[in-house]
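Inside the fold
This is what each chain is made of:
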Amino acid sequence: MNLNSLDLNLLVALDSLLREANVSRAAMRLNLSQPATSHALQRLRDLIGDPLLVRNGARMELTPRAQALRSPLAQALDQVRTLFISDDFDAARSERHFRLMMPDLAVELLMPSLMEKVTRLAPNITIDVVPWRGPAIFTAEFARTIDLVISIGDSFKGFHRQRLYTDSDALAVRRGHPAGTRLKKREAFLAARHVAVIIRGQNEDLIDTWLRGKGIERRIALVVPGYIEALHVTARTDLVAFVPRRLISALSKQLSLVTVTPPLDPGIDEQHMFYPTRAQMDPGSIWLRKLMLETGRELETGKA
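A brief report on the enclosed structure follows.

Conventions used here
- Residues numbered from 1 in each chain as written.
- Predicted model: local features only at pLDDT ≥ 70, side-chain atom pairs only at ≥ 80, totals over all residues.
- Heavy atoms only, no water.
- Helix = DSSP H or I, 4+ residues; strand = E, 2+ residues; numbered from the N terminus.
- Rg over C-alpha atoms; globule rule 2.2 N^0.38 Å.
- Buried < 20%, exposed > 50% of the residue type's maximum accessible area, 1.4 Å probe, protein only.
- Areas by Shrake-Rupley, 256 points an atom, 1.4 Å probe, with all protein chains shown as cover.
- Lys, Arg positive; Asp, Glu negative; His and termini not counted.
- Charge placed at Lys NZ, Arg CZ, Asp CG, Glu CD.
- Axes fitted to C-alpha atoms, helices over the stretch in contact; angles between N-to-C directions.
- Parallel < 35°, antiparallel > 145°, perpendicular 65-115°, else oblique.
- Left-handed = near helix turned anticlockwise from the far one by under 90°.
- Contact = heavy atoms within 4.5 Å.

Looking at the overall build of the protein chain
When helices and strands are counted, the protein chain shows eleven helices and eleven strands. Whereas a compact globule of 304 residues would reach a radius of gyration of roughly 19 Å, the protein chain reaches 24 Å, over 25% beyond that. Expressed as lengths along the three principal axes of its C-alpha atoms, the size of the protein chain is roughly 75 × 50 × 30 Å. Counting across all 304 residues of the protein chain, residues that qualify as buried make up 44%. Of the roughly 16400 Å² of accessible surface on the protein chain, a fraction of 50% belongs to carbon and sulfur atoms. Distance between charge centres in the protein chain, computed from 41 positive and 34 negative side chains, equals 3 Å.

Structure, rendered in C-alpha cells:
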C-alpha cells in the first residue's frame, strides 16, 4: 500500500465503525452525516478488500477480517495520538481527566490523601475511579481507557509495574464479639462463620486459595464482592472477615471493629501501581504516578 495516498481520516472512521458495528452510531461518534460515513465505509471496503460490516437480520456484524483489525488499529491510533501530546503539563491549569481502576480497599486507603494533593495542586483535574477487574477480563479495548491500575499480583499486559505499599492480612470482628481474641487459636478460627470477598474477575477469595494449599477449608457463611461490604457486615454480626490489616485499622473506629491476629499467617501482600507503556513519557501520567507513589509511601510510614 502507498501510504502517501492513505487518508488518515479513513482510519479514524474505521475505528469508529469497528467499535460501533453500526453506521448510524459511528456517524454520531465521528460527528459526520450517515451518508458521509457510509461513503467512508465503501472506500474502506475497496481499500481493504473486505466488506467489514455485513447485515445479519436487523443488525450489522463485523467480518472476521474486521474483528482482527480492531485491536491493532486502536493501538496504532493511540500511538499516533501520542505524537501530539504536549511535552509540558501544567497541573495548576490542566483540566485533564484521569481514569483509574482499583479495588474498594485501595479507594479507601489511597484516594482521600491523593485527592487532597490533587485538589491543592490541580483543582481542575478530574479523577474517575472504575471498579477493579482481573487480568482475565481486562480487555485491550478497556485497557486503552485506563491511566493507572492499583492491584496485587501479576502484571497487566501493556502496563509497567511499580510497588506501591505492603500490607498483611488479619481478622476483623465487631467489638464485643463472643469469640474475641480466641480466634487466634486454630480451633476457634475454623469454628467461626466467615465472610468471603470475591471481587470481579476472581473465582474465589484469595485467602481461600491460600488456605486450600495448606489443606484447610474455613466455614463461608456469606460471599460479598468487596472488602468494604465485608467489614460493614462484620461490624453488625458475629461473622469474621479475613482482610487486609490496613483496611481494618482505617475503619476500626468508624465501624467499631477489632483486629485479631489469625492463627495462620499468609505473609506480606504487595500492592502495585500499573501504568500503560504508551504513557511512560507522558508528563501528565508522570505527575499522577509521582503523587500516587508519594501517597503509598505515606501509607507505609503512617503519615497518610
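After presenting the structure, the write-up continues.
Thoughts on the packing of helix H1 (residues 8–20) against helix H2 (residues 23–30)
The interhelical angle for the contact between H1 and H2, taken along N-to-C directions, is 130°, at an axis separation of 8 Å. Taken together, the axis directions place H1 and H2 in an arrangement best described as oblique. In this structure, H1 meets H2 at a crossing whose hand is right-handed. Facing H1, whose interface residues are Val-12, Ala-13, Ser-16, Leu-17, Arg-19 and Glu-20, H2 presents Val-23, Arg-25, Ala-26, Arg-29 and Leu-30.

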